[in-house]
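Summary of structural features
Chain by chain, the residues:
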Amino acid sequence: MALTQRLEFRQSQSLVMTPQLMQAIKLLQLSNLDLTTFVEEELERNPLLERASDEPPAGEAPAEAANYGDSDESGGSHGEEGLGGSTDGFEPGQEEWMSKDLGTRAEIEQTLDTGLDNVFSEEPAEAAARNAQDAAPSVYTEWGGGASGDEDYNLEAFVAAETTLGDHLAEQLSVAFSAPAQRMIGQYLIDLVDEAGYLPPDLGQAAERLGASQQDVEDVLAVLQKFDPPGVCARSLSECLAIQLRELDRYDPAMQALVERLDLLAKRDIAGLRKVCGVDDEDIADMIGEIRRLNPKPGMKFGTSRLQTMVPDVYVRPGPDGGWHVELNSDTLPRVLVNQTYYSELSKKIGKDGDKSYFTDALQNATWLVRALDQRARTILKVATEIVRQQDGFFTHGVAHLRPLNLKAVADAIQMHESTVSRVTANKYMATNRGTFELKYFFTASIASADGGEAHSAEAVRHHIKQLIDSEDPSAILSDDTIVERLRASGIDIARRTVAKYREAMRIPSSVQRRRDKQSALGNVLSTAMSDRSRNTEPA
């Protein structure tokens, strides 16, 4: 078969992801904080972008600025007149004295009848600097406190930083050890401590990475566990409680047996704990009371990482006509403009082709960014409006009336693709009369109705399950099977495993555990009431 060369024309269609399209898609899924960071980077990178401010136009100067300008101009003219013709207030004798030559140093000293060192002991600048250095601050503001007229004055600069758990432990480490090797091991272990004050359960890799023996690591760890706060640097809850009990000198064999069987305490198996510890009811109650007074997370009282406040992107308010008014939060929308005037001035002065292409690309990128931000805001508003329309029952009556909703229903209603709706609802929040929710909260799976009617939302079913459990009688705890029967009586067709899954997702214990908890709580209430009654009946 011979190989030949030939030209062919083919016509085809393909979707090309331009950089501008990729940027618009990226902006859609950014949260308001990430969007602000992105826009700040673009403002630093692109000279043709500028922030849109609420200041008046350049031609309409404020009254104060106009007055200052007039005063400057008048002051300048007066100065020129004074330097030029008129000499009002400037005596001729003074002018002659200023223009007169004072002579040499010897002549000046002879005229003054003393040495110049006695008259001008030091340079004025040096004397002023020395006096300012030696003098104590005369007002409170010179010490760095109080109010200041400077616009850059920031009170937060004088607020003491919170002491973190790592800093607190590092200060104690420098005092506890003098050997560099032990300090290195201790600092490595301190870096592994989490916010609650715990170390990882397995420290075998620490010895390998540090090139030390396991015994050296254990020796340093034993010292670290004596640091303040008590219970820090523990590897488990049992070890944390044991450290605190040793600090209180209450870690006897019975308490040790209780700490090692915290699973029975979690199940409220008092009979099992009495058998394990070998004590009576009164002693086991006192021991449990001591355990409850301990701190299971000793590191939480120190400064932790600050939580970022969640700012809603959309507000939903009741309208005057009985509907709902949806509006964007203008504080979360970056305001940027393209400086066309600056570009016009630059285009007249730029001569190099490379500079022209750079500013042309900058203008194009700035224009696309402004359009992408505007399109992002419009898309968020359109999706939020459709969500409010679809979930009108939720805003009016509550979670029980939340309808099942998916991305396709919203996308078809606003004539957009599902992926666009998915990006818009990511990391966006809506402030409503019932609280602030993520936009994805309103998209829930559907659960079929038992009588063949309208399907129920999964979130509404969870809410129904929680209501049933909260209102159950302590003497008649509802099992998962009983909950299924009651839900089916309400028209919700659901399986038992689904009820168990929703219950565990809401961190609601099983019926056996709930029965123990409520019976224990009821017993505590009765014992408290009996003790109060006996105290009141005692003779005065």
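Structural data are supplied above this passage.
The structure reproduced in this document is the subject of the present report.

Cut-offs and rules
Residues numbered from 1 in each chain as written. Predicted model: local features only at pLDDT ≥ 70, side-chain atom pairs only at ≥ 80, totals over all residues. Heavy atoms only, no water. Core = buried A, V, L, I, M, F, W, Y, C linked by side-chain atoms within 4.5 Å. Buried < 20%, exposed > 50% of the residue type's maximum accessible area, 1.4 Å probe, protein only. Helix = DSSP H or I, 4+ residues; strand = E, 2+ residues; numbered from the N terminus. Contact = heavy atoms within 4.5 Å. Pairing = 2+ DSSP bridges. Salt bridge = Lys/Arg side-chain N within 4 Å of Asp/Glu carboxyl O. Polar contact = N/O pair within 3.5 Å; in protein donor to acceptor, adjacent residues only side chain to side chain. Axes fitted to C-alpha atoms, helices over the stretch in contact; angles between N-to-C directions. Patch = residues over 30% accessible without salt bridge, like charges linked within 9 Å, V, L, I, M, F, W, Y side chains within 5 Å. Areas by Shrake-Rupley, 256 points an atom, 1.4 Å probe, with all protein chains shown as cover. Lys, Arg positive; Asp, Glu negative; His and termini not counted. Charge placed at Lys NZ, Arg CZ, Asp CG, Glu CD. Left-handed = near helix turned anticlockwise from the far one by under 90°. Nonpolar A, V, L, I, M, F, W, Y, C, P; charged D, E, K, R; others polar. Phe/Tyr/Trp six-rings, centres within 6.5 Å; stacked < 30°, edge-to-face > 60°. Lys NZ or Arg CZ within 6 Å of the ring centre and 35° of its normal. Parallel < 35°, antiparallel > 145°, perpendicular 65-115°, else oblique.

1. Some points on the nonpolar core
Core analysis: the largest hydrophobic core is formed by 24 residues, its most contacted members being V383, F394, F395, V410, V421, M430 and F442. Of all the elements in the fold, those that place two or more residues in this core are β2 (314-318), α18 (353-390), α19 (392-397), α20 (407-414) and α21 (418-425). At five residues, α18 tops the list of elements feeding residues into this core. Leaving out residues up to four positions away in the same chain, V383 has contacts with V410, I414, V421, V424 and T425. L165, L221, L224 and F227 belong to the second largest nonpolar core, which has 21 residues in total.

2. Quick word on the pairing of strand β3 (residues 324-328)
One ladder, built from five bridges, connects β2 with β3; its direction is antiparallel. Bridge pairing links V316 to V326 in β3. Connecting β2 to the antiparallel partner β3 that follows it, the hairpin turn spans five residues, and G322 within it adopts a positive phi of roughly 90°.

3. Structural notes on the pattern of salt bridges
Tallying each qualifying case throughout the model produces 20 salt bridges. Where E8 meets R6, a salt bridge forms, and the shortest distance between an N and an O atom there is 3.1 Å. Among the residues examined, E8 registers a relative accessible area of 44% and is labelled partly exposed. We classify R6 as exposed; its relative accessible area is 69%. Note that D480 is salt-bridged to R503, the shortest N-O span being 3.2 Å. Taken together, the residues span a long stretch of sequence, with D480 in helix α23 (residues 480-489) and R503 in helix α24 (residues 496-505) at a distance of 23 residues. Each of the two residues, D480 as well as R503, counts as buried. Each of R6, E8 and R10 takes part in one network of salt bridges that share partners.

4. Regarding the side chain of D313
Topologically, D313 is positioned in the loop between α16 (281-292) and β2. At 3.4 Å, the side chain of D313 and the side chain of N32 are in polar contact.

5. A short note on the sheet that holds β3
Taken in spatial order, the four strands line up as β3-β2-β5-β6 in an open sheet, and their pairing is mixed. The sheet terminates laterally at β3 and β6 (435-438), the two strands that pair on one side only. The sheet shows a mean angle of 20° between the axes of neighbouring strands, taken without regard to direction. As paired elements, strand β5 (residues 429-432) and β6 share four bridges and run antiparallel to each other.

6. A look at the environment of R488
By the secondary structure assignment, R488 is in helix α23. Look at R488 and you get partly exposed, because its relative accessible area is 44%. For R488 and S449, which are 39 residues apart along the polypeptide, the C-alpha to C-alpha distance reads 8.4 Å. Among residues more than four places away in sequence, those in contact with R488 are A450, D493 and I494.

7. Examining a negative patch on the surface
Side chains of D280, E282, D283 and D286 sit close together on the surface and give a patch of like negative charge. Inspection of the secondary structure puts E282 in helix α16. Under the relative-accessibility criterion, E282 is labelled exposed at 59%.

8. Structural notes on the environment of L203
By the element assignment, L203 lies in the loop between α9 (180-192) and α10 (204-210). Spatially, the C-alpha atom of L203 lies 8.8 Å from that of L189, the residues being 14 residues apart in sequence. Apart from residues no more than four positions distant in its own chain, L203 is found in contact with L189, L192, Q214, L221 and R235.

9. Structural notes on the packing of α18 against α20
Packing of α18 against α20 brings their axes to within 10 Å, and their N-to-C directions diverge by 115°. Note on packing geometry: the crossing formed by α18 with α20 is right-handed. Here K382, V383, E386, R389 and Q390 of α18 come into contact with α20, specifically with A409, V410, A413 and I414. When grouped by side-chain class, the residues that make up the contact of α18 with α20 number five nonpolar, one polar and three charged.

10. What to know about the packing of aromatic side chains
Using the criterion set out here, one finds 10 aromatic pairs in the structure. Relative to F442, the ring of F437 has its centre 6.0 Å away and its plane inclined at 65°; by these criteria the two rings are edge-to-face. Per residue, the accessibility class of F437 equals that of F442, and both read buried. By the ring-pair criterion, three or more aromatic residues cluster together here, those being W324, F394, F395, F437, Y441 and F442. Across from the ring centre of Y315, 4.9 Å away, lies the NZ or CZ of R317, which sits over that ring. When the ring centre of Y502 is taken as origin, the NZ or CZ atom of R462, which lies over that ring, is 4.5 Å away.

11. Some points on unusual backbone geometry
Cis geometry marks the peptide bond from D228 to P229; its omega dihedral reads 5°. Mapped onto the elements of the fold, P229 is located in the loop between α11 (214-224) and α12 (237-247). Despite not being glycine, D249 shows a phi value in the positive range, around 60°. With respect to the helices, strands and loops of the structure, D249 is situated in the loop between α12 and α13 (253-260).

12. As for the packing of α9 against α11
Where α9 meets α11, the closest approach of the two axes is 10 Å, and the angle between their N-to-C directions is 65°. With respect to α11, the axis of α9 lies roughly perpendicular. In this structure, α9 crosses over α11, and the sense of that crossing is right-handed. Facing Q182, I185, G186, L189 and I190 of α9, the residues of α11 in contact are D216, V217, V220, L221 and L224. Split into classes, the residues belonging to the contact of α9 with α11 amount to seven nonpolar, two polar and one charged.

13. Points about a nonpolar patch on the surface
Judged by side-chain polarity, L15, M17, L21 and M22 come together as a nonpolar surface patch covering roughly 420 Å² of accessible area. If you trace the backbone, M22 turns up in helix α1 (residues 19-28). M22 sits in the partly exposed class, given a relative accessible area of 47%.

That's the geometry; what it means functionally is another story.
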